[in-house]
Amino acid sequence: MNYKDLADLIFPNIKDISYYEEKYPRRNLPEGAIVTRVAPSPTGFVHIGSLYQGLIARKIASQTKGVFFLRIEDTDQKREIENGTTEIINGFKQFDVIPDEGMTSETEEVGKYGPYKQSLRKDIYQSYAKYLIEQGKAYPCFCTPEELEEMRTKQEEAKIRPGYYGVWAKCRKLSVEEMIEKIKAGEKYIIRFKSPGREDRKIKHHDVIKGNVDFPENDQDIVIIKADGLPTYHFAHAVDDHLMGTTHVIRGDEWLSSVPLHLQLFQELGFKAPKYAHISPIMKNDNGNKRKLSKRKDPEAAVSYYAEEGIPANAVKEYLLNIANSNFENWRRANKDASIDSFELQLNKMSVSGALFDMIKLLDVSKNVIAKYTAEQVYEEAYKWAEKYDMELADMLKDKEYSLKVLGIERGNVKPRRDIAKWSDVKENIVYMYPEKFDKNTEEYELQTISNVEEAKQILSTYIQYYKEEDDKDTWFNKIKDVAEKYGYAREVKEYKQNPDAYKGHVGDVSTLIRIALTKRTNTPDMYEIMKVLGKEEVEKRISKLCNLCEKED
Ligand code: GLU
């Protein structure tokens, strides 16, 4: 009896690995092309960290004319949920992170290196497990969960390293005959890797992001095929990334400590190892404590959050690139209108410790992104968002022609308006421009600068006589100055500052009063443009309304 007999007994009727080696030939790509992937589990939740990895992987592959694929890692069937794959695909698609190969729906895929869903690759893993058994590099383990538990307790009590290794690796010492006998007797088993490593020896590893790292060799006989016949992550990683031709494994740094094991698996399987780039997680500052963005505590950890809030996908991507490479900010300053696709991302410039996620900064980036949109773009996106999340806004936007004028205020010029960070801001920012909404607004006017109601009334009624819709901006502003002067306010702020005792105030006080009459706000975009959009009739109506109120108070 030899290893071959054992392997045949465990995996009869299974293809030889040469079948798969031929079926998936080496990729024919230009020099320097990077093949990489994102490999999430379909748990029904797409974490922002997963999008971050996907975005980086997509960019690196595009920059080098390589390939980016999506592999669904569903070997832990307890964690899986229905439609988990669709959610991942849609989550990425929303941010225009589109793989060249991989799953395209729950059941369909594109690419020649599939299946791209691990549960459909069971036979492949088993062929490679058989190959290892044949060479005495893997073996069946008959230890029951209770025995393993007992072993762990003993290790804990003795304060020694936990795991299945050395003297603790009981089944490793069984003879082939004993193994075969147990299998024939119907004993349950899983398959373990027979690690050739020694804990007292070190390996050196160069990580593309983390740099040089030293580790003890792996000496754990880890499980490669579980009781359900499916592989563990470690084994599937080696087999898949080999067959799929991955040149760079870009993944979360929680896997960094598994590198010694992974390199050993590649070595024992006779595969060329890929390069590794371990990304630090996105962190959050929680009252001075740095911690990972948590699925449970932080709504912004889910990619769905951004669509719900109406933060444009472009802005999120732009922000993630900011976190990824610190030189992005300078690049953006020098290339104000360039698409982020032309930014050259560098893996070796990524931060070694976790980058901080800062919502305020993200919203600031988003304001800049939206500031560059045309009124039409703002309209389309805000409307799409509103139809899903805010019917009141959708209703306001139904009058497209008027809404385009509203959204076009201070847009498309050198210093465009920067007051929208997300589509959920739009309603609050423009609501006063809609007469039926303004009429229903029951907030009190706060006169601010000119609190004498009699004077306020006089200023407003004088102004309304001066106002002409067709005035150009200079004429319009001169008229406000004329009114200011007439009531003892300086025409220019400068004049007032030079001689404050000579005036009641300055032109700014008068325009604030007009602004309040028109909008009930002290802070709005350009008032000249606002008045143009509202139209003469509405302007007069709003100013008279405040005049009348002042009169009543008189
Ligand atoms: N399924 C693994 C994870 O979600 C993938 C890690 C990898 O990219 O290899 O962490």
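In case you missed it, the structure is sitting above this.
I will try to describe carefully the structure that is included in this document. None of these values were measured; they are calculated from a predicted model.

## A closer look at the overall build of the chain
A tally of regular secondary structure across the chain gives 24 helices and 15 strands. Against the 2.2 N^0.38 benchmark of 24 Å for 554 residues, the chain shows a C-alpha radius of gyration of 33 Å, more extended than a compact globule. C-alpha atoms of the chain, sized along the principal axes, occupy 110 × 45 × 45 Å. Within the chain, buried positions represent 51% of all 554 residues.

## A word on the packing of helix α3 (residues 48–63) against helix α11 (residues 313–324)
Orientation of α3 relative to α11, taken along the N-to-C sense of each, is 80°, at an axis distance of 10 Å. Here α11 runs roughly perpendicular to α3, going by the angle between their axes. Where α3 approaches α11, its residues I48, L51, Y52, L55, I56 and K59 are matched on the opposing element by V316, K317, L320, L321, I323 and A324. Class assignment for the residues of the contact of α3 with α11 results in ten nonpolar, no polar and two charged.

## Looking at the pattern of salt bridges
Enumeration over the complete set of coordinates arrives at 48 salt bridges. Two residues, D298 and K284, come together in a salt bridge whose shortest N-O distance is 3.4 Å. One end of the pair, D298, is in the loop between β13 (289–292) and α10 (304–309); the other, K284, is in strand β12 (residues 283–286), and 14 residues separate them in sequence. You can call D298 buried: its relative accessible area is 4%. For D298, the salt bridge goes to R291, with nearest N and O atoms at 2.9 Å. Residues D298 and R291 agree in their burial class; the two are buried. Taken together, the shared-partner salt bridges connect R37, R71, E73, R121, D240 and D241 into one network.

## Comments concerning the nonpolar core
Within the largest apolar cluster, 167 residues are counted, with the highest numbers of intra-cluster contacts made by I56, Y128, I224, F235, M433 and I543. Discounting residues that sit within four places of it in the chain, Y128 has contacts with I17, Y20, E21, F235, V239, L243, L269 and F271.

## Things to note about helix α8 (residues 233–243)
An α-helix turns once per 3.6 residues; consequently, residues spaced three or four apart project the same way. Most of α8 sits out of view: eleven of its eleven residues are buried. Every buried residue belonging to α8 is among Y233, H234, F235, A236, H237, A238, V239, D240, D241, H242 and L243, and all of these are buried.

## What about the sheet that holds strand β2 (residues 67–70)?
Within a sheet, adjacent strands bond to each other through the backbone by hydrogen bonds, running parallel or antiparallel. The strand order across the open sheet built from four strands is β1-β2-β3-β4, with neighbouring strands paired in mixed fashion. The sheet is open, and its two borders are formed by β1 (35–38) and β4 (109–110), each paired with just one other strand. Two elements, strand β3 (residues 101–103) and β4, share two bridges in a ladder whose sense is antiparallel. Opposite G102, over in β4, you have V110 as the bridge partner.

## Section: the sheet that holds strand β6 (residues 190–193)
The strand order β5-β6-β9 describes an open sheet built from three strands, whose pairing is antiparallel. One side of each edge strand has no neighbouring strand; the edge strands of this open sheet are β5 (138–141) and β9 (223–225). Pairwise comparison of adjacent strand axes, ignoring direction, gives a mean angle of 45° for this sheet. Judged from the two bridges that link them, β6 and β9 form a sheet pairing that is antiparallel. Each residue of the ladder has a partner; that of R192, found in β9, is V223.

## Observations regarding the packing of helix α1 (residues 3–10) against helix α7 (residues 176–184)
Angle between the axes and distance between the axes are the two parameters that describe a pair of packed helices. Put simply, α1 and α7 touch, their axes get as near as 10 Å, and they point 20° apart. In terms of orientation, α1 and α7 fall into the roughly parallel class. Judged by the sense of rotation from one axis to the other, the crossing of α1 with α7 is left-handed. Counted together, Y3, D5, L6, L9 and I10 of α1 and V176, M179, I180, I183 and K184 of α7 form the full contact between these two elements. Of the residues that constitute the contact of α1 with α7, the class distribution is eight nonpolar, no polar and two charged.

## Considerations on the packing of aromatic side chains
Counting across every chain of the model gives 20 aromatic pairs. Ring centres of F266 and F271 lie 6.1 Å apart, and the angle between their planes is 75°; on these two criteria the pair is classed as edge-to-face. In this pair, the class of F266 matches that of F271, namely buried. Ring centres of F328 and F343 lie 4.9 Å apart, and the angle between their planes is 80°; this geometry places the pair in the edge-to-face category. Of this pair, F328 sits in helix α12 (residues 328–334) while F343 sits in the loop between α12 and α13 (359–371), placing them 15 residues apart in sequence. Owing to a relative accessible area of 2%, F343 belongs among the buried residues under this scheme. An aromatic cluster is built from Y19, Y20, Y128, F266 and F271, whose rings are joined through pairwise contacts. For R192, the ring lying beneath its charged end belongs to Y164, and the centroid distance is 3.6 Å.

Rules of the game
- Residues numbered from 1 in each chain as written.
- Predicted model: local features only at pLDDT ≥ 70, side-chain atom pairs only at ≥ 80, totals over all residues.
- Heavy atoms only, no water.
- Helix = DSSP H or I, 4+ residues; strand = E, 2+ residues; numbered from the N terminus.
- Rg over C-alpha atoms; globule rule 2.2 N^0.38 Å.
- Buried < 20%, exposed > 50% of the residue type's maximum accessible area, 1.4 Å probe, protein only.
- Axes fitted to C-alpha atoms, helices over the stretch in contact; angles between N-to-C directions.
- Parallel < 35°, antiparallel > 145°, perpendicular 65-115°, else oblique.
- Contact = heavy atoms within 4.5 Å.
- Nonpolar A, V, L, I, M, F, W, Y, C, P; charged D, E, K, R; others polar.
- Salt bridge = Lys/Arg side-chain N within 4 Å of Asp/Glu carboxyl O.
- Core = buried A, V, L, I, M, F, W, Y, C linked by side-chain atoms within 4.5 Å.
- Pairing = 2+ DSSP bridges.
- Left-handed = near helix turned anticlockwise from the far one by under 90°.
- Phe/Tyr/Trp six-rings, centres within 6.5 Å; stacked < 30°, edge-to-face > 60°.
- Lys NZ or Arg CZ within 6 Å of the ring centre and 35° of its normal.

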